[in-house]
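Coordinate analysis (summary)
For reference, the chains in residue letters:
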2 protein chains.
Amino acid sequence: MTNPALIDELKTLVEPGKVLTDADSLNAYGKDWTKHFAPAPTAIVFPKTIEQVQAIVRWANRHGVALVPSGGRTGLSAAAVAAHGEVVVSFDYMNQILDINLTDRTAVCQPGVVTEQLQNQAEEHGLYYPVDFASAGSSQIGGNIGTNAGGIKVIRYGMTRNWVAGMKVVTGKGDVLELNKDLIKNATGYDLRQLFIGAEGTLGFVVEATMRLDRAPKNLTCMVLGTPDFDSIMPVLHAFHSKLDLTAFEFFSDKALAKVLARGDVPAPFESDCPFYALLEFEATSEEVANDALATFEHCVEQGWVVDGVMSQSEQQLHNLWKLREYISETISHWTPYKNDISVTVSKVPGFLKEIEAIVGEHYPDFEIVWFGHIGDGNLHLNILKPENLSKDEFFAKCATVNKWVFETVEKYNGSISAEHGVGMTKRDYLTYSRSPAEIEYMKAIKAVFDPNGIMNPGKIFAV
Amino acid sequence: MTNPALIDELKTLVEPGKVLTDADSLNAYGKDWTKHFAPAPTAIVFPKTIEQVQAIVRWANRHGVALVPSGGRTGLSAAAVAAHGEVVVSFDYMNQILDINLTDRTAVCQPGVVTEQLQNQAEEHGLYYPVDFASAGSSQIGGNIGTNAGGIKVIRYGMTRNWVAGMKVVTGKGDVLELNKDLIKNATGYDLRQLFIGAEGTLGFVVEATMRLDRAPKNLTCMVLGTPDFDSIMPVLHAFHSKLDLTAFEFFSDKALAKVLARGDVPAPFESDCPFYALLEFEATSEEVANDALATFEHCVEQGWVVDGVMSQSEQQLHNLWKLREYISETISHWTPYKNDISVTVSKVPGFLKEIEAIVGEHYPDFEIVWFGHIGDGNLHLNILKPENLSKDEFFAKCATVNKWVFETVEKYNGSISAEHGVGMTKRDYLTYSRSPAEIEYMKAIKAVFDPNGIMNPGKIFAV
């Protein structure tokens with residue numbers, strides 16, 4: 001799509017200066033956090049109103065132009081990458097929180113509102129937006145909805161899906177739909193809102209979303225526990241889960257911790273070296289709860305599941321302990337990691353992990369493996385670090401070979417090949433490991449209902 | 001559909017004796033709790049396996065036979081009524097809990113499992129299935145999913161949708177799909193599971209569902225508070241909601257209470273007579289929480305929002321107080337009530353209720369009105385009782401006239417004409433008050449994807 005007359009027409013649909021075609025912008029707005037595909041959009045357009053989005057969609061339908069929705073571009077599956085001459089629709093100028101309703105505990109957000117912006121606004125009003133993850137400082141609400149973003153508090157609060165009270169969308173056909181009207185209860189036919197959540201922009205654009213807020217958590221308290229082996233992590237999870245309302249239960253390996261400690265700006269949790277660590281969090285609403293936590297810790301030590309541990313005594317210490325987990329992703333990005341984001345049901349984690357470890361040990365004997373993840377949700381992040389002496393292409397090619405075995409194991413355990421990163425382009429060709437051919441046919445037929453001309457983010461989730 | 005040869009063919013698809021055509025069975029299985037339509041099915045079929053359901057669907061597609069899914073038949077919108085010669089597919093013989101997993105906190109249920117059966121099984125394992133409502137003793141899980149059942153604990157636990165970890169469905173085309181594989185995190189394209197929840201059996205059959213369970217609630221404690229007027233109920237809700245994690249917040253009018261007390265088997269909550277009552281529930285996990293509740297009660301009394309009140313001191317008293325609310329529906333059923341089940345966002349309740357009261361006062365001056373509902377979710381049940389001297393037909397005709405004004409007010413407040421009872425046949429012709437024509441067209445197109453021959457519960461949600 002390079003016809004300059006079309007771009008001139010596009011410019012008439014938005015405010016002056018809101019279509020960019022310079023090389024820097026194309027490069028910046030054509031990509032997400034993945035590095036697999038070279039960005040190559042034709043133009044970037046910045047609508048400021050729902051009507052402008054609708055006009056862009058109608059223009060795209062008239063001319064058969066492919067559109068790529070673009071939020072904070074922090075995605076990890078190339079769902080927001082424009083690698084084939086598409087027009088990128090960025091929501092950077094639709095970034096306002098339009099209303100906060102304290103009675104309903106809701107915030108009406110334009111799609112370009114940054115996650116952290118919503119979290120902060122909620123906090124200023126004594127409330128809480130609980131979906132949180134490493135990229136909260138740049139990811140946008142529209143993108144969060146498109147990917148049904150998860151993160152570190154899912155065990156208590158669920159995914160983004162749970163927090164969307166209602167939304168306005170522009171479908172691929174150009175219709176504006178107001179979905180669910182922010183109601184708690186609404187039994188009037190199919191909940192189309194749910195279809196757009198996690199659709200990666202393949203059905204249409206989310207142009208406004210009313211997000212639910214929760215009460216602020218009370219006296220959040222964190223424990224980091226060192227375990228003698230991986231097998232001990234699950235009994236620790238069960239012991240704490242049955243006693244406390246956990247707000248998080250994460251894990252990481254000694255290699256992940258070593259990388260973070262090597263930065264020099266975060267203190268070690270305690271002196272003992274352990275092969276694996278669990279990080280858990282809860283609201284210490286009363287002395288009784290804190291005592292329950294300590295008694296459970298002692299029980300875990302007695303059982304031999306925990307070697308050492310620490311409990312935060314202040315907000316500062318809470319934040320420092322969280323850094324041990326939160327800094328992993330950013331720290332290891334230096335080694336160009338090959339990321340797998342896989343999940344099974346919690347009860348299947350131990351068996352699944354053993355098999356994955358065997359595969360990885362056999363096929364990546366020389367590679368450094370960094371494990372971490374949201375183990376309380378059955379979600380494991382398997383990161384393979386690139387050896388310095390290997391080129392990026394050779395490394396990725398080698399990893400792709402091993403994918404087959406990893407994904408076959410995921411399929412065997414009835415798991416997901418993408419727990420929270422989405423499908424985009426990087427997982428598209430592996431979708432059949434998690435979804436049946438019949439399911440994929442139904443998904444394609446649903447896409448055709450909302451986007452009959454295939455202008456919405458083509459090539460994402462499914463091949464064109 | 002009366003061709004006996006077709007019924008003979010149907011009989012070959014299931015076990016002997018599992019197709020019934022006698023008048024009593026047709027009458028019993030052809031209806032739900034509504035009384036608007038005379039049941040007139042051709043046959044009732046009772047599959048015992050997923051394969052049998054699939055065979056029935058293929059048979060129906062071959063011969064153009066309409067199927068009506070049938071659970072506990074406790075619906076209030078005639079979504080499970082077979083009034084036009086359909087074949088009813090009953091899940092009474094697929095009623096087993098196949099597995100309970102304590103680690104995942106899930107129960108694999110056949111669709112005919114009764115809600116109470118799941119609640120009891122969960123309790124036996126020290127867990128809790130939190131979706132609860134008056135018909136829990138006979139409603140079935142498949143029907144709960146089909147209607148996205150809500151009830152009395154939504155303020156804390158949400159609707160049935162929140163508790164479906166995964167499910168198997170047979171689509172209207174006859175495909176078996178395994179949706180979501182019970183995973184907590186699964187970002188692999190459209191979440192088709194969500195489409196089947198609340199679809200009232202118009203897309204296919206739910207043939208297995210893995211339901212999530214929660215930890216058992218701790219020391220549930222209930223308060224019933226009398227207020228001097230309706231306007232005081234919302235400040236009471238806000239006062240308690242900001243202090244406590246409520247598990248319920250219900251309300252009912254003096255007329256509702258009077259009907260229940262007249263039964264003679266439930267004691268009055270306290271001596272004062274009040275025009276409205278709030279019932280709230282919370283976990284008194286510590287003395288601090290109980291003290292917070294009492295302090296909030298005192299604050300409400302000081303503000304003049306509460307006239308009198310009582311807090312349960314035992315499990316027995318908890319149950320007795322709940323009866324004041326739970327018995328309303330059954331008690332007033334004696335007066336053949338015309339039920340409206342409407343909702344708006346919580347912040348709009350006061351203005352909305354005033355307008356509805358004015359309409360009702362103007363158009364039903366001689367009718368007795370009983371208000372109650374899940375006010376913490378913005379969900380109001382408006383029940384109009386039939387005067388003894390009026391025939392059922394005259395009464396329903398008169399109520400239908402007033403519907404127009406009620407639903408216009410719902411539309412004005414951006415609410416729902418059916419908060420939790422579904423659309424079925426009774427609300428079908430009013431759907432446009434809550435869903436736009438464009439939305440309805442998309443819904444119909446989605447139905448065509450899953451059920452191209454229109455054999456699945458035709459005439460429900462949409463006209464045929």
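Residues numbered from 1 in each chain as written. Chains lettered and ligands numbered in written order. Predicted model: local features only at pLDDT ≥ 70, side-chain atom pairs only at ≥ 80, totals over all residues. Heavy atoms only, no water.

The name an unreviewed UniProt entry gives chain A is D-2-hydroxyglutarate dehydrogenase, with Pseudomonas agarici as the organism. Reading the Catalytic activity (unreviewed entry) entry of the UniProt record for chain A gives the comment "(R)-2-hydroxyglutarate + A = 2-oxoglutarate + AH2". For chain A, the Subunit (unreviewed entry) comment in UniProt is given as "Homodimer." (UniProt positions renumbered as here; feature names shortened; annotations may be inferred.)

Looking only at helices and strands, one finds 14 helices and 18 strands in chain A. Along the first, second and third principal axes, the C-alpha atoms of chain A reach 70 × 55 × 45 Å. For chain A, the residues scored as buried account for 62% of the 464 residues in total. Contacts in chain A between residues far apart in sequence, at least 24 positions, make up 74% of those at least 6 positions apart. In the form shown here, chain A has an accessible surface area of approximately 16,800 Å², with 48% of it arising from carbon and sulfur atoms. Between the mean site of the 40 positive side-chain charges and the mean site of the 58 negative ones, chain A shows a separation of 6 Å. (Helix = DSSP H or I, 4+ residues; strand = E, 2+ residues; numbered from the N terminus. Buried < 20%, exposed > 50% of the residue type's maximum accessible area, 1.4 Å probe, protein only. Contact = heavy atoms within 4.5 Å. Areas by Shrake-Rupley, 256 points an atom, 1.4 Å probe, with all protein chains shown as cover. Lys, Arg positive; Asp, Glu negative; His and termini not counted. Charge placed at Lys NZ, Arg CZ, Asp CG, Glu CD.)

Moving on, we come to the domain arrangement of chain A. In terms of domain boundaries, chain A breaks down into domain 1 (4-93), domain 2 (97-215), domain 3 (220-324) and domain 4 (336-421). For domain 1 of chain A and domain 3 of chain A, the distance between their C-alpha centroids amounts to 44 Å. (Domains from an automatic or database assignment.)

A word on the pattern of salt bridges. Pairing between side chains of opposite charge can happen when their charged atoms approach one another. A complete count under the given rule lists 40 salt bridges over all chains for this structure. In this structure, Arg161 of chain B engages Asp191 of chain A in a salt bridge whose closest nitrogen and oxygen atoms are separated by 3.6 Å. Here Asp191 of chain A lies in the loop between β9 (176-179) and α7 (192-196) and Arg161 of chain B lies in the loop between α6 (154-157) and β8 (164-171), a pairing that spans two chains. For Arg161 of chain B, a relative accessible area of 12% translates into the label buried. Assessed through its relative accessible area of 10%, Asp191 of chain A is described here as buried. (Salt bridge = Lys/Arg side-chain N within 4 Å of Asp/Glu carboxyl O.)

Contacts between chain B and chain A engage 79 residues on the former and 79 residues on the latter. The contact between chain B and chain A buries some 6,200 Å² in all, and 56% of this surface belongs to carbon and sulfur atoms. Sorting the residues of chain B by area buried against chain A places Lys185, Tyr190 and Tyr442 of chain B first, and these three jointly supply 18% of that buried surface. Seen at the junction of chain B and chain A, the total is eight salt bridges. Between Arg215 of chain A and Asp245 of chain B there is a salt bridge, and its shortest N-O distance comes to 2.5 Å. Where chain B meets chain A, there are 42 residue pairs in polar contact (both at pLDDT 80 or more). Broken down by secondary-structure element, the contributors of at least two residues to the side of chain B that touches chain A are β9 (176-179), α7 (192-196), α8 (233-243) and α14 (437-450) of chain B. The leading source of residues in the side of chain B that touches chain A is α14 of chain B, at nine residues. (Buried area = accessible area lost by both parts, 1.4 Å probe. Polar contact = N/O pair within 3.5 Å; in protein donor to acceptor, adjacent residues only side chain to side chain.)

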